[in-house]
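# Tertiary structure, described
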Amino acid sequence: MAREQSAQRWDPEGYLRNAGFVAALGEPVLALLAPRRGERVLDLGCGEGLLAARMAAAGIDVVAVDASAAMVEAARRRGIAAELMDARELSFDAEFDAVFSNAVLHWVRPPEAAIAGVRRALKPGGRFVGEFGGHGNVAAILVALLAVLSRRAINAAAHRPWYFPTAREYRGRLERAGFAVEYIELIPRPVVLPTGIEGWLETFAGPMLALAGGEQKAARAEVVELLRPALCDRDGNWTADYVRLRFCARLPEKR
Ligand code: BEZ
């Protein structure tokens, strides 16, 4: 999902080119959701709508939201009922059997705002199933960005746009909001990048590199060279050090 507020800008075509794997790797999260025909499901941060379309094709009544107008348009072009909405300001009230979210919640701060909105959106007994970046996610990439910005006397740690919690931390947040956590796990999942680290930085690191002001291009080149020994193999293939946090949590049957 888009976090326009965090200076992140989304381009549906660039996203598919540089990060098409995100939807493909969302399949196990869909399997964990196991939506049933006729259920009403909210896709929180639908992006270009590929997974929402998979659910709709299986007879699920899907409503999708995203904070990027460009992504909402792309999802609508796939026939999805998509609305422009910030994950921290969900306006639904006890209308969904489930809320599903893939590769979005690491953009959402404060995390408890999204969790509270999901809680309101769910019917009693409803489930919240999702996956996003967990503790240690893209650690090498993050360190390279911080190092290159610190060479320019920019303390980027305070501005980093991503939230990568441990399972223990996120479980606590879910439980404090009234969910029973049925499953939560950190899953290391290295991903070969289809357009290399340049493509990844283009799609995801805009808010961090923007901190370098007029030196963005040079900073980006330095990040690539710092990462090359760690993430690029002899054949020139780049692998990102992804770590996912996958979970399934449920509300009690009675409010
Ligand atoms: C991720 O999907 O893990 C991710 C996306 C953008 C920035 C950082 C991580």
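Our subject in this report is the structure included herewith. (Residues numbered from 1 in each chain as written. Predicted model: local features only at pLDDT ≥ 70, side-chain atom pairs only at ≥ 80, totals over all residues. Heavy atoms only, no water.)

### Here we look at the overall build of the protein chain
Helix and strand content of the protein chain: 11 helices and nine strands. Since a compact globule built from 255 residues should have a radius of gyration of about 18 Å, the 18 Å found for the protein chain is in line with a globular shape. In terms of its C-alpha atoms, the protein chain occupies a principal-axis envelope of roughly 55 × 35 × 30 Å. Expressed as a percentage of the 255 residues in the protein chain, the buried residues total 53%. Excluding contacts between residues fewer than 6 apart, the proportion of contacts in the protein chain whose partners are at least 24 apart in sequence is 78%. Here the protein chain has roughly 11000 Å² of accessible surface; of this, 52% comes from carbon and sulfur atoms. Counting 33 positive and 31 negative side-chain charges, the protein chain places the averaged centre of each group 3 Å from the other. (Helix = DSSP H or I, 4+ residues; strand = E, 2+ residues; numbered from the N terminus. Rg over C-alpha atoms; globule rule 2.2 N^0.38 Å. Buried < 20%, exposed > 50% of the residue type's maximum accessible area, 1.4 Å probe, protein only. Contact = heavy atoms within 4.5 Å. Areas by Shrake-Rupley, 256 points an atom, 1.4 Å probe, with all protein chains shown as cover. Lys, Arg positive; Asp, Glu negative; His and termini not counted. Charge placed at Lys NZ, Arg CZ, Asp CG, Glu CD.)

### Focus on the site of the ligand
If you check the shell around the ligand, you find H106, W107, N137, W162, F164, W200, F204, Y242 and R244 and nothing else. Interatomic distance of 3.5 Å between a side-chain N/O atom of H106 and an oxygen atom of the ligand. Take R244: an N or O atom from its side chain is 2.5 Å from an oxygen atom of the ligand. Here the residues of the shell around the ligand sort into six nonpolar, two polar and one charged. (Near = heavy atom within 4 Å. Polar contact = N/O pair within 3.5 Å; in protein donor to acceptor, adjacent residues only side chain to side chain. Nonpolar A, V, L, I, M, F, W, Y, C, P; charged D, E, K, R; others polar.)

### Overview of the pairing of strand β9 (residues 243-250)
The element β9 is extensively covered by neighbouring structure, given that seven of its eight residues are classed as buried. Bridge analysis of strand β5 (residues 122-133) against β9 gives seven bridges, and the strand direction is antiparallel. Opposite F132, over in β9, you have L245 as the bridge partner. By the bridge criterion, eight bridges tie strand β6 (residues 180-188) to β9 in an arrangement that is antiparallel. (Pairing = 2+ DSSP bridges.)

### Considering the packing of aromatic side chains
Following the criterion strictly, the structure yields 17 aromatic pairs and no others. A ring pair is formed by F132 and Y170, whose centres lie 4.9 Å apart and whose planes are at 65°; its orientation type is edge-to-face. Note that F132 is positioned in strand β5 and Y170 in helix α8 (residues 167-176), a separation of 38 residues in sequence. Each member of the pair F132 and Y170 is classed as buried. For the pair Y170 and F247, a centre-to-centre distance of 5.4 Å together with 55° between the ring planes defines the contact as tilted. Of this pair, Y170 sits in helix α8 while F247 sits in strand β9, and the two are 77 residues apart along the sequence. According to the relative accessible area criterion, Y170 is buried, its value standing at 1%. Put simply, the rings of W10, Y15, W107, W162, F164, W200 and F204 touch in pairs and so form one group of aromatic residues. (Phe/Tyr/Trp six-rings, centres within 6.5 Å; stacked < 30°, edge-to-face > 60°.)

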